[in-house]
Amino acid sequence: MSLRNSFSRVLRTQVPSVLKKSVHSVAVIGAPFSRGQVTAGPRHRGAGLGCGAPQAGRREEDGEERREQGGLPPRDGERRGREGGGHPVWGESSGQRDGRCCGLPREREVGATVRGDGTKGGAGPGQNPWWEIHEEEVKESDQRKKGVEYGPAAIREAGLMKRLSSLGYRLKDFGDLSFTPVLKDEPFNNLIVNPRSVGLANQELTEVVSKAVSDGYSCVTVGGDHSLAIGTISGHARHCPDLCVIWVDAHADINTPLTTVSGNLHGQPVAFLLRELQDKIPPFPGFSWIKPCISSSNIVYIGLRDVDPPEHFILKNYDIQYFSMRDIDRLGIQKVMEQTFDLLIGKRQRPIHLSFDIDAFDPTLAPATGTPVVGGLTYREGVYIGEEIHNTGLLSALDMVEVNPHLATSEEEAKATASLAVDVIASSFGQTREGGTSSMTNFLLPVHEKSQKTKNV
């Protein structure tokens, strides 16, 4: 390890009283979106329970039919690297670079499919309020994977608030936010649906996160899909303009409105947030309020293994740092976290925003998600990421997204995925695998009466 690396690690671990933020209050926020379209969503106001956020709009319709073992096959018969991007971008027959894309290659087109039998999986209605499968007709023209809006309820049922409370935090429940869809919300470019509704919802989410941070809370936003990061990071940046982002995900979510083929806003949140891509974003209805708030040097990806060609181009062209699953295999998760911290907080300490997509995990661990990709993080690797971020003392906000109980083939799969999400959140706030917490208060051991008498003598 270099002298610089050693010094920065010493700073992070040896002088917590100077550099580490003391977090005593955690706010949990709900933000109900669905498939890029704001929905009323299930409301949850439990006594003493925090509200998660059903949100959505990501790549659910981008995934192919799952294999029986829970993963995704290579697309179009390609042999693909775990970063993605290593396969052909476009051939002449499929299309070439689009002049509208400002020099960026277009996203690879992927067909939308549902399960082979055309049905939703599930244990049937009535077993759990968040598990119940609603009998909606799935039209051939709308084969999106529904149910991500019920992820937050599953995470709550898995004990999120009880776990955070047991770690000694004072909790504030902001409840599920209520959004009003914009009427006559015409698609952008005849492709991206409900842009005004999603933009307005994220604007409202920005205000709530901003207030929570200004009131001294660390924010946990539990949502459906990753498009909520537009609002959470924007709100966080209002009071912490020097924040940095650790984005844990199988996907880069950095397509622009002009490179996307699917039209999913949930595959584009980082593009709206990056200053370097501001001139690549066209005038976009509902998003005029957004001010790009992070630079390419302020974000690091961990766990990438399914990256679209235009996304790969952006990552390379703008020197955005990432650790693919191949890098994790090669370096080990400890070295990956050390290098991540050196890149983001090695020179100066600043707030960390952790945006964690549950599909970063291998599908054997997190099967109930919209776009599982084989070869993901192990349980230990995912929890280690949270533990190390907590140890910096700089975690200021966390997103947990993409838990979709309706895509599980059994109730056990749904519960396992939701419990995994809770474990990651708890690890990020101090739960340790040794037992207890990393910030234990004074604990008085009981003294045997005979021993006490001997001392008095």
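Coordinates for the structure precede this section.
Just so you know, these numbers come straight off a predicted model, no measurement behind them.

**Brief notes about the overall build of the chain**
Turning to step 1, where the next piece is worked out: Counting its secondary structure elements, the chain contains 13 helices and 10 strands.
Turning to step 2, where the next piece is worked out: When each of the 457 residues of the chain is scored for burial, the buried share is 57%.
Turning to step 3, where the next piece is worked out: For the chain, the proportion of contacts with a sequence separation of at least 24, taken over those separated by at least 6, is 75%.
Turning to step 4, where the next piece is worked out: Element-wise, carbon and sulfur atoms account for 50% of the exposed surface of the chain, whose accessible area totals about 19,400 Å².

**Describing the pairing of strand E5 (residues 218-222)**
Turning to step 1, where the next piece is worked out: Taken across its 5 residues, E5 has 5 buried, putting it largely inside the fold.
Turning to step 2, where the next piece is worked out: Both faces of E5 are covered, namely the face carrying Ser-218, Val-220 and Val-222 and the face carrying Cys-219 and Thr-221.
Turning to step 3, where the next piece is worked out: For strand E1 (residues 25-30) and E5, the ladder comprises 5 bridges, and the chain directions are parallel. Residue Val-26 lies in a different strand from E5, and its bridge partner there is Ser-218.
Turning to step 4, where the next piece is worked out: Pairing geometry for E5 and strand E10 (residues 395-401), over 4 bridges, is parallel. Directly across from Cys-219, in E10, lies its bridge partner Ala-397.

**Quick look at the environment of Ser-234**
Turning to step 1, where the next piece is worked out: Positionally, Ser-234 belongs in helix H6 (residues 229-239).
Turning to step 2, where the next piece is worked out: For Ser-234, a relative accessible area of 10% puts it in the buried group.
Turning to step 3, where the next piece is worked out: Separated by 57 residues in sequence, Ser-234 and Lys-291 place their C-alpha atoms 7.8 Å apart.
Turning to step 4, where the next piece is worked out: Those residues in contact with Ser-234 that sit more than four places away from it in its chain are Thr-206, Ala-229, Leu-273, Trp-289 and Cys-293.

**Some words on the side chain of Asp-225**
Turning to step 1, where the next piece is worked out: Tracing the chain through its elements places Asp-225 in the loop between E5 and H6.
Turning to step 2, where the next piece is worked out: Residue class for Asp-225 comes out buried when judged on its relative accessible area of 0%.
Turning to step 3, where the next piece is worked out: A polar side-chain atom of Asp-225 sits 2.7 Å from the main-chain amide nitrogen of Ser-227.

**Observations concerning the packing of aromatic side chains**
To describe a pair of aromatic rings, you give the distance between the ring centres and the angle between the ring planes.
Turning to step 1, where the next piece is worked out: Tallied over the full model, the rule gives 8 aromatic pairs.
Turning to step 2, where the next piece is worked out: Look at Phe-284 and Phe-287: their rings are 4.9 Å apart centre to centre, the planes differ by 80 degrees, and that puts the pair in the edge-to-face class.
Turning to step 3, where the next piece is worked out: Look at Phe-356 and Phe-361: their rings are 5.7 Å apart centre to centre, the planes differ by 35 degrees, and that puts the pair in the tilted class. One exposure class covers both Phe-356 and Phe-361, and it is buried.
Turning to step 4, where the next piece is worked out: An aromatic cluster of three or more residues is present, and its members are Phe-188, Phe-272, Phe-284 and Phe-287.

**Details of the sheet that holds strand E8 (residues 321-324)**
Turning to step 1, where the next piece is worked out: Within the open sheet, the 8 strands sit side by side as E4-E1-E5-E10-E9-E6-E7-E8. Their pairing is parallel. The sheet is open, and its two borders are formed by strand E4 (170-176) and E8, each paired with just one other strand. Taken pair by pair, the neighbouring strands of this sheet meet at an average axis angle of 15 degrees, ignoring direction.
Turning to step 2, where the next piece is worked out: Sheet topology places strand E7 (residues 299-304) next to E8; 4 bridges connect them, and they run parallel. In the sheet register, Leu-304 faces E8, and the bridge partner there is Ser-324.
Turning to step 3, where the next piece is worked out: Strand contacts of H6: E5, strand E6 (244-248), strand E9 (352-357) and E10, with the helix running at about 170 degrees to E9, the strand carrying the most contacts.

**Describing the packing of helix H11 (residues 379-392) against helix H12 (residues 411-428)**
Turning to step 1, where the next piece is worked out: Running from amino to carboxyl end, H11 crosses H12 at an angle of 30 degrees, the nearest separation of the two axes being 7 Å. With respect to their mutual orientation, H11 and H12 come out roughly parallel. Contacts from Tyr-379, Val-383, Gly-386, Glu-387 and His-390 of H11 reach H12 at Leu-420, Asp-423, Ser-427 and Ser-428.
Turning to step 2, where the next piece is worked out: Of the residues in the contact of H11 with H12, the class split is 3 nonpolar, 4 polar and 2 charged.

Parameters and conventions
- Residues numbered from 1 in each chain as written.
- Predicted model: local features only at pLDDT ≥ 70, side-chain atom pairs only at ≥ 80, totals over all residues.
- Heavy atoms only, no water.
- Helix = DSSP H or I, 4+ residues; strand = E, 2+ residues; numbered from the N terminus.
- Buried < 20%, exposed > 50% of the residue type's maximum accessible area, 1.4 Å probe, protein only.
- Contact = heavy atoms within 4.5 Å.
- Areas by Shrake-Rupley, 256 points an atom, 1.4 Å probe, with all protein chains shown as cover.
- Pairing = 2+ DSSP bridges.
- Polar contact = N/O pair within 3.5 Å; in protein donor to acceptor, adjacent residues only side chain to side chain.
- Phe/Tyr/Trp six-rings, centres within 6.5 Å; stacked < 30°, edge-to-face > 60°.
- Axes fitted to C-alpha atoms, helices over the stretch in contact; angles between N-to-C directions.
- Parallel < 35°, antiparallel > 145°, perpendicular 65-115°, else oblique.
- Nonpolar A, V, L, I, M, F, W, Y, C, P; charged D, E, K, R; others polar.

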